[in-house]
Amino acid sequence: MCGRGACTLEPQAIQRFAKAKEFKDKESFKPSFNVGPTSFQPVLMLENGERIVRSMRWGLVPSYSKESKSEYSTINARSEGIQSHSTWSRLLSKNRCVLLSNGYYEWKEDNKMGKKQPFFFHFPDNEMMGMAALYDVWKSTEGEKLYTFTIITTEASAELQRVHHRMPVILRDEEEIQMWIDVNRHTQFNSVSHLLRSFPSSPVEGDDLLPIKTIKDEELKSEGKEPAKKLEGFAVSNLVNYHKNDSPGCIERLSQVEAKSKQPKLSSFFQKKESKEEVKEIKKSKEEPPVLEESPSQSLGSTKKKSLDDMKEIPKA
């Protein structure tokens, strides 16, 4: 968690939502219903005291790395140990940013069936959300800069525990977003550390398992102001499992997909026959394992990376 998401708005709409002066490197960003690690995503930050959106690659590469990729999984940073890992702690005072997103996916493992059911979490009004993040800038020997980021995660709120025990840190309003990115005014991490908390959710649709409640909503209220809205979550089809599937179907409710499949079908004479390519894509969607925090390599075909949570820090060059 969090290893897959969605960001479907065009650059102009993202810039308006972020109240940013400009959107830098926007040509590298592509709106998608199925966002994964190594893709370039819109990130809000302060530059020369002004709000800008910059397209950054998901998966943080420390500035001291020899190569433009990391040996370990750096797509997420656990809030609980963020000050103990030098890879993250050195960025807390000056390199705070906010990932702009429409929502994220999470998979619930069914121990009885041995399968994983994908869920999508977003705001009911489809408004963009801001996730607390950190960024770094890696430079090549030619002086070319690469901006990369990691999403900060925390323990999931009560309702989300039904699906997964972790969730991204979602900032509750514009005031919190500004506080997190304002590294000039809030230079000390202690002045913003209280923002790294769970976000309440409405009951999750399509989940029939009992919740594992380790955090109560009453406890969340005591941690700070209650947000004006709650996250909404629902089960989706396995279409999102295959990273190349990028369509509104990825975020369509599973209940609607199943309802459509039960509708009377036209005769085979009138039905469109699926091409070999379409059959192949559908087959891949069913067989492709979901990309989770534990295996963020998605389309790279690489072996499973060890999480940075298991290491004290990424070895410096």
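Before reading on, note that the structure itself is shown above.
Here is a short report on the structure shown in this document. Please read these numbers as outputs of a predicted model, since none were measured by experiment. (Residues numbered from 1 in each chain as written. Predicted model: local features only at pLDDT ≥ 70, side-chain atom pairs only at ≥ 80, totals over all residues. Heavy atoms only, no water.)

### As for the overall build of the chain
Note the threshold: Here a strand is any run of E in DSSP of at least two residues, a helix any run of H or I of at least four, and the numbering for each starts at the N terminus. Relative accessibility decides the category of a residue: with a 1.4 Å probe and only protein chains considered, values under 20% of the type maximum give buried, values over 50% give exposed, and everything between is partly exposed. Any two residues having at least one pair of non-hydrogen atoms within 4.5 Å are treated as being in contact. For every accessible area listed, the method is Shrake-Rupley and the probe measures 1.4 Å; residues are considered covered only by the protein chains on display.
Helix and strand counts for the chain come out as six helices and 13 strands. Taken over 317 residues, the chain has a buried fraction of 50%. Restricting the contact set of the chain to residue pairs at least 6 apart, pairs at least 24 apart contribute 71%. In the form shown here, the chain has an accessible surface area of approximately 16,200 Å², with 50% of it arising from carbon and sulfur atoms.

### Thoughts on the nonpolar core
The condition is simple: Definition used in this section: a nonpolar core is a set of buried Ala, Val, Leu, Ile, Met, Phe, Trp, Tyr and Cys residues joined via side-chain atoms within 4.5 Å.
Y104, Y135, F149, M167, I170 and L231 are the most contacted members of the largest nonpolar core, which has 32 residues in total. Residue assignment for this core shows that the elements contributing at least two residues are β4 (40–47), β5 (50–58), β7 (96–101), β9 (115–122), β10 (129–139) and β11 (145–155). The dominant element in this core, judged by the number of residues it contributes, is β10, at five residues. Residues L60, L92, I152 and V169 belong to the second largest nonpolar core, which totals 31 residues.

### Some points on empty space enclosed by the protein
The line we're drawing: Definitions used for this entry: grid spacing 1 Å over protein atoms alone; cavity, a set of points where a 1.4 Å probe fits but cannot get out; pocket, an open set with protein on both sides within 12 Å along at least 5 of 7 lines; lining residue, one with an atom within 4 Å of a point. Grid points are joined across faces, edges and corners, and a volume is the space filled by probe spheres set on the points. Here the term charged refers only to Asp, Glu, Lys and Arg, the term nonpolar to Ala, Val, Leu, Ile, Met, Phe, Trp, Tyr, Cys and Pro, and the term polar to all other amino acids, Gly among them.
For the structure shown, the criterion picks out one cavity of 30 Å³ or more. One number sums up the size of the largest cavity: a volume of about 90 Å³. Forming the boundary of the largest cavity are 16 residues, of which G5, V35, W58, L99 and S101 lie nearest the centre. Those elements that place two or more of their residues in the lining of the largest cavity are β1 (5–7), β7, β8 (103–110) and β11. Its residues assigned to classes, the lining of the largest cavity shows 11 nonpolar, four polar and one charged.

### Structural notes on the pattern of salt bridges
Rule in force here: Only one rule defines a salt bridge in this text: a Lys or Arg side-chain nitrogen within 4 Å of an Asp or Glu carboxyl oxygen.
Under the definition given, this model contains 14 salt bridges. When the shortest N-O distance is used, the salt bridge between R197 and E176 registers 2.6 Å. Separated by 21 residues along the polypeptide, R197 in the loop between α3 (174–181) and α4 (217–222) and E176 in helix α3 bring together distant segments of the chain. We classify R197 as buried; its relative accessible area is 4%. By relative accessible area, which is 4% here, E176 ends up buried. For R253, the salt bridge identified is with E232, shortest N-O distance 3.0 Å. Of the two residues, R253 sits in the loop between β13 (232–235) and α5 (254–261) while E232 sits in strand β13, which places them 21 residues apart along the sequence.

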